[in-house]
Amino acid sequence: MLYYVLRYVLLGPLLRLLFRPRAEGLEHVPAKGAAIVAGNHLSFVDPLLMPAVLKRRITFLAKAEYFTAPGLRGRLTALVLRGAGQISVDRSGRAAGEAAIREGLGVLARRELLAIYPEGTRSPDGRLYKGKVGVAVMALAAQVPVIPCAMVGTFGIRTLGQVLPRIRPVAIRFGEPLDFSRFAGLADHKAVLRAVTDEITYAILQLSGQEYVDRYAADVKAGQAKGGRG
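Calculation rules
Residues numbered from 1 in each chain as written. Predicted model: local features only at pLDDT ≥ 70, side-chain atom pairs only at ≥ 80, totals over all residues. Heavy atoms only, no water. Helix = DSSP H or I, 4+ residues; strand = E, 2+ residues; numbered from the N terminus. Buried < 20%, exposed > 50% of the residue type's maximum accessible area, 1.4 Å probe, protein only. Contact = heavy atoms within 4.5 Å. Areas by Shrake-Rupley, 256 points an atom, 1.4 Å probe, with all protein chains shown as cover. Core = buried A, V, L, I, M, F, W, Y, C linked by side-chain atoms within 4.5 Å. Salt bridge = Lys/Arg side-chain N within 4 Å of Asp/Glu carboxyl O.

**Remarks on the overall build of the protein chain**
Now for step 1: Of the regular secondary structure elements, the protein chain holds seven helices and nine strands.
Now for step 2: Here the protein chain holds 230 residues, and 47% of them are scored as buried.
Now for step 3: Contacts in the protein chain between residues far apart in sequence, at least 24 positions, make up 78% of those at least 6 positions apart.
Now for step 4: Of the roughly 11,900 Å² that the protein chain leaves accessible, carbon and sulfur atoms contribute 58%.

Set out below in structure tokens:
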């Protein structure tokens, strides 16, 4: 219920008024049945804007840290995220990654839409980074199509230390569904998982027009943090 209150009454109209999101390729998102929407991740508003333009409910896997911030602001943030259809997942370590996959497969088993950011975290500089193979594991295990998605114009909407976001129009582009049925039964092969993930990442790249970096965004962020402490 809260999802629809936020989408149609509280948050959705405000987001559409402020950012005027222009949706392209909505015909590629299936009207029913399970599917994965895999996109780039440039801003905190990405998982709020995408549901604002979709007709169907969509569920995101979100970092647990987003739900555990202290104080009133943290509690309100957690409430909004849950209301927006996000699931809290601890993604630190291998066991946590397996838990995220289980959560995602549960969503797909209910024949719903699941949103995944293959990069695993927000881009630190607006470029598109190497995808993690969890999206491929879920796509092959659930045998569902993957719809590539690109957020355009959301990078820099809110930077560190900035209280209010920058208001500007954004675009949300959906590409043709990717069918990986040719890899059925090969989900245990690392080379296959890498190939599927790279194909998804390339499709996102074609939609977004970003510069690609063949490194994991999390590693780049860790290096930046280490450099900042040095």
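**With respect to the nonpolar core**
Now for step 1: In this structure, Ile36, Leu114, Val146, Phe180, Val196 and Ile200 are the most contacted members of the largest nonpolar core, which totals 29 residues.
Now for step 2: Mapped by element, the contributors of at least two residues to this core are strand E2 (35-39), strand E4 (86-89), helix H4 (94-109), strand E5 (113-116), helix H5 (134-142) and helix H6 (190-208).
Now for step 3: Those residues in contact with Leu114 that lie beyond four places of it in its chain are Ala35, Ile36, Val37, Ile58, Thr59, Leu61, Gly104, Val107, Leu108 and Met138.
Now for step 4: If you look at the next biggest cluster of nonpolar residues, it comprises 24 residues, including Met50, Leu113, Tyr117 and Ile157.

**Topic: the pattern of salt bridges**
Now for step 1: Taken as a whole and judged by the stated rule, the model has seven salt bridges.
Now for step 2: The salt bridge involving Glu24 is made with Arg22; its shortest N-O contact spans 2.8 Å.
Now for step 3: What you see here is one network of salt bridges that share partners, running through Arg22, Glu24 and Arg173.

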